[in-house]
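# Observations on chain architecture
Residues per chain, in single letters:
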Protein chains: 4
Amino acid sequence: MPVFLLTNDDGYFSEGIKALREELKKLGRVITIAPDRNLSGVGHSLTFTAPLRMRRVDDDFWTVIGGTPADCIHLGYYVLLDGKAPDLVCSGINEGPNLGEDITYSGTVSGAMEGRILGIPSVAFSVFGENPDFKEVARVCLDVVKMVLEKGMPEDTYLNVNVPALPRDEIRGFMITRQGRRAYVEKVLKLSDPARKPLYWITAEKFGWSLEEGTDYWAVYHGYVSITPLQLDLTNYRALEILKKTWQA
Amino acid sequence: MPVFLLTNDDGYFSEGIKALREELKKLGRVITIAPDRNLSGVGHSLTFTAPLRMRRVDDDFWTVIGGTPADCIHLGYYVLLDGKAPDLVCSGINEGPNLGEDITYSGTVSGAMEGRILGIPSVAFSVFGENPDFKEVARVCLDVVKMVLEKGMPEDTYLNVNVPALPRDEIRGFMITRQGRRAYVEKVLKLSDPARKPLYWITAEKFGWSLEEGTDYWAVYHGYVSITPLQLDLTNYRALEILKKTWQA
Amino acid sequence: MPVFLLTNDDGYFSEGIKALREELKKLGRVITIAPDRNLSGVGHSLTFTAPLRMRRVDDDFWTVIGGTPADCIHLGYYVLLDGKAPDLVCSGINEGPNLGEDITYSGTVSGAMEGRILGIPSVAFSVFGENPDFKEVARVCLDVVKMVLEKGMPEDTYLNVNVPALPRDEIRGFMITRQGRRAYVEKVLKLSDPARKPLYWITAEKFGWSLEEGTDYWAVYHGYVSITPLQLDLTNYRALEILKKTWQA
Amino acid sequence: MPVFLLTNDDGYFSEGIKALREELKKLGRVITIAPDRNLSGVGHSLTFTAPLRMRRVDDDFWTVIGGTPADCIHLGYYVLLDGKAPDLVCSGINEGPNLGEDITYSGTVSGAMEGRILGIPSVAFSVFGENPDFKEVARVCLDVVKMVLEKGMPEDTYLNVNVPALPRDEIRGFMITRQGRRAYVEKVLKLSDPARKPLYWITAEKFGWSLEEGTDYWAVYHGYVSITPLQLDLTNYRALEILKKTWQA
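One structure accompanies this document, and this report is about it. Values in this document were obtained by computation on a predicted structure and should not be read as measured data.

### Some thoughts on the relation of the copies chain D and chain B
Two copies of a chain can be linked by a rotation about an axis combined with a shift along that same axis. Aligned on chain B, chain D shows an RMSD of 0.0 Å; the corresponding rotation is 180° and the shift along the axis is 0.0 Å. Expressed as an axis order, the relation between the two copies is that of a two-fold axis.

Rendered as structure tokens:
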């Protein structure tokens, strides 16, 4: 029976993690450990400058006080599982998609990245679309989990999965995709606090991504589940060759 | 005269950012905007769920209350520079190296990543070795900045620079490198607070990286300045091809 | 049917607030609004430098993200109750006592203090003793609530109630008390983090209070429920007279 | 030569603490230890659930990372002074007054309260009025410090001092006062974040206090330095007698 280590970045109380937890339980043991608050936008943060506390929520269900998704994977693996690797790390289901460059800010993706750093097959799950039915989405996630368990994945990769918020029978299938590019402009709103001192709020004009075929966005836009294999190596090898020629000559 | 936008993740008061600021001023105008506290390990976090405040420290020198390096780049670009792109985003000088997979947690690298996302050439600077002389290190960083300004770099890349903590004339030169791999094992210390409740501290056995030729660690270990071109695209293209064959068949 | 506004400082998920909520429901409508994390030791903090978010937990049950007990009372009164005063503000049940000068650090007492500032009769509840049965303690608290509703209290006071962790039939009755004095010495532990940098932990040698008759500690130590009426006026009138003579002469 | 322990709640970088530090140095040794960020409204918070870090700013000048004024007094006394009591604890100069019930939220007053809890004569300083000249205000504060050192104060009290933002020669003298009462109504602004989710901001209609003779507000309003002796005992003795009669009968 497989063992799953489950986290998210929306907080342990979120609908998405609860729905995924229930589905995963159909397949095996699920150790859930998630932040005690919403950490959207927190990226791949790890708390190594202060000690952490855990609080038990329920059987095999814990929350880390002030912890990040990466912290949760660490404590789940080294403390709750006592260093015994789970079969799969799952992160999510995030409310809202993780597409294009935005995944660099994503706590959800960061949970799966941490699993990969620790040498464990890992998948991040997010939902694309308004008012998702998380139970329905979780069933689709379980289909992906089954594929990972049956067919495996290369050792140096982890997966970023985005599921359209559609009834399961309206989803057109899975698509292996590459990371897309966002096509929106960020901006900073200038506001005033009640004492008329300036405040700045980072936001976006309107979210959107380039509709290029083969990308994560293209897939979910057309009703497919997008599965993007990611890597820990951020090296730009093409630029590396160019710089070697132009800088070191 | 070039305009620089400078941030870091150690806080606006750190020696590293002050030394780099002084050096950059020799070349152009330097807008410094940095977090008001040490944010090491914060990764690529962006604050979009709350408004931010800035506090003026000095001429062209600001701090963002509770802000991350990515927040600082945003406010620097959209507010201080009013949306006019600087010639270069610099992040650092970080106290301690940013090598191998550890860069995924790095606030310093995240500052440069944010510059790249906003379409600006960007460089992250870190120092490798004990008790660095930041003035000396900053002079080496300036040499890199000059190369970037003179020779340029490909549009889809940003640079992760690690400088050995050596006198400038003992440095053996620059080396264009790829991201290495860490060779240390993390662990979680189990402690007790004064009330005997359990605490967990994420740490490492002993830091270290694989000494493979061509990597960032190999370069600094041998006394070279390591310059690693990075990219925003995290897609694992090799795994993508494999998954297309094995999963979609 | 009376309306209660209930908060605490241990977090909305704590056993103490849940037990008190269930008991209060027997008497009237209970609006519960509490911090989303444990804020012990936070004192009388009010968040006026940033906006706050609420999250609905259940019917008439809310949590304030990053909010303090005083924030909760504000949002409960002005937002949930739309400015209509509840009949009683309750804060607690705190896990651990609030006795002597320690109440100046108490988030639990601060919740009741805020109710008093807003002009509402208010009571803080804490439990003295190990391994309390919160259901049992909550029943004793309800007895106090009934006395407040029936007999009233002076307009310029709010109550600090400490309940011994005893079966209800072993409690010797109620005692109106004055604030005692602590008889323990604080200290600061000097520790090292895993990188051998110094850390300081504020703690106490051993908790304890002066066993003077008529004090809060004397009451709970002897098995009574301690009820201490408190005031918002911190003026030391005796010292005021002395200073008028010695300083202004 | 007297030893002063100085903190504040606006952060170690604030003008008020720097001005007071320079003045106090004329009289003796000044150990300054203050929060690394603005903590206005934090009340009497003490951090006993996590360890703290200090960072040296300058000679006899430290900041506590994430620390409160009460934390600073603890670390100053037990660590920097190694448990040897200073002659006086000073807190401030706070930008803005601390009058009436508002002092219960005041981090500045809390710094002095903590000194008193530790058995040390303690004074909190705040300024009333717009655009204060902190050097001028600090000179007035030094006059109060001299009086405390010369004339002493009762053992069970600490002082809350509010200085009008006037040139020193326009100040009409000192006045020993009692705590006043605020005469403003708080409110909660209902806002929306950029994603149109509700936010709540606690603020006040317009600040103001009752102009009763003998109060802190009356004094500063009329150009006097207000000196209010405070106490740690929050017991409402009048209410205590009433409750004894009405509740215990």
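### Overview of the sheet that holds strand β8 (residues 174-176) of chain D
Residues and elements named next belong to chain D. Read across the sheet, nine strands follow the order β3-β4-β2-β1-β5-β6-β7-β11-β8 without closing on themselves; strand pairing throughout is mixed. With partners counted over all chains shown, the strands left at the sheet margins are β3 (53-58) and β8, one partner each. Along the sheet, successive strands turn relative to each other by an average axial angle of 25°, direction set aside. Helix-sheet contacts for helix α4 (residues 134-151) involve β1 (3-7), β5 (88-95), β6 (122-128), β7 (158-164), β8 and β11 (225-230), and the interaxial angle to β5 is about 155°.

### What to know about the interface of chain B and chain A
Interface size is commonly expressed as the accessible surface area that is lost when the partners come together. With 79 residues of chain B at the contact, the number on the chain A side is 79 residues. Note on chain B versus chain A: buried area summed over both sides is about 6900 Å², and carbon and sulfur give 63% of it. Broken down residue by residue, the surface that chain B buries against chain A is led by I202, L234 and W247 of chain B, which jointly contribute 13%. Between the two partners, chain B and chain A, sit six salt bridges. Close ionic contact of D193 of chain B with R53 of chain A constitutes a salt bridge, the shortest N to O distance being 2.8 Å.

### Things to note about the relation of the copies chain B and chain A
Take chain B, turn it by 180°, move it 0.0 Å along the axis, and it overlays chain A with an RMSD of 0.0 Å. In this assembly, 100% of the residues forming the interface of chain B have copies in chain A that are likewise at the interface, indicating an isologous arrangement.

### Some thoughts on the packing of aromatic side chains
Residue and element names in this part refer to chain D. Using the criterion set out here, one finds 24 aromatic pairs over all chains in the structure. Seen from their ring centres, Y12 and F13 are 5.3 Å apart, and the 75° between their planes marks the pair as edge-to-face. Taken individually, Y12 and F13 each receive the classification buried, so the pair is uniform in this respect. Here the aromatic rings of W209 and Y217 are separated by 5.4 Å at their centres, their planes lie at 45°, and the arrangement is tilted. Y217 carries the same exposure label as W209, and that label is buried.

### A closer look at the state of the cysteines
By definition, a disulfide links two cysteine residues through a covalent bond between their sulfur atoms. Inspection of every chain in the model, using the stated rule, returns zero disulfides over all chains. C90 of chain A takes part in no disulfide bond, and the closest cysteine sulfur to it belongs to C141 of chain A, at a distance of 8.5 Å.

Rules of the game
Residues numbered from 1 in each chain as written. Chains lettered and ligands numbered in written order. Predicted model: local features only at pLDDT ≥ 70, side-chain atom pairs only at ≥ 80, totals over all residues. Heavy atoms only, no water. Least-squares fit on C-alpha atoms with pLDDT ≥ 70 in both. Pairing = 2+ DSSP bridges. Helix = DSSP H or I, 4+ residues; strand = E, 2+ residues; numbered from the N terminus. Axes fitted to C-alpha atoms, helices over the stretch in contact; angles between N-to-C directions. Contact = heavy atoms within 4.5 Å. Buried area = accessible area lost by both parts, 1.4 Å probe. Salt bridge = Lys/Arg side-chain N within 4 Å of Asp/Glu carboxyl O. Phe/Tyr/Trp six-rings, centres within 6.5 Å; stacked < 30°, edge-to-face > 60°. Buried < 20%, exposed > 50% of the residue type's maximum accessible area, 1.4 Å probe, protein only. Disulfide = S-S within 2.5 Å.

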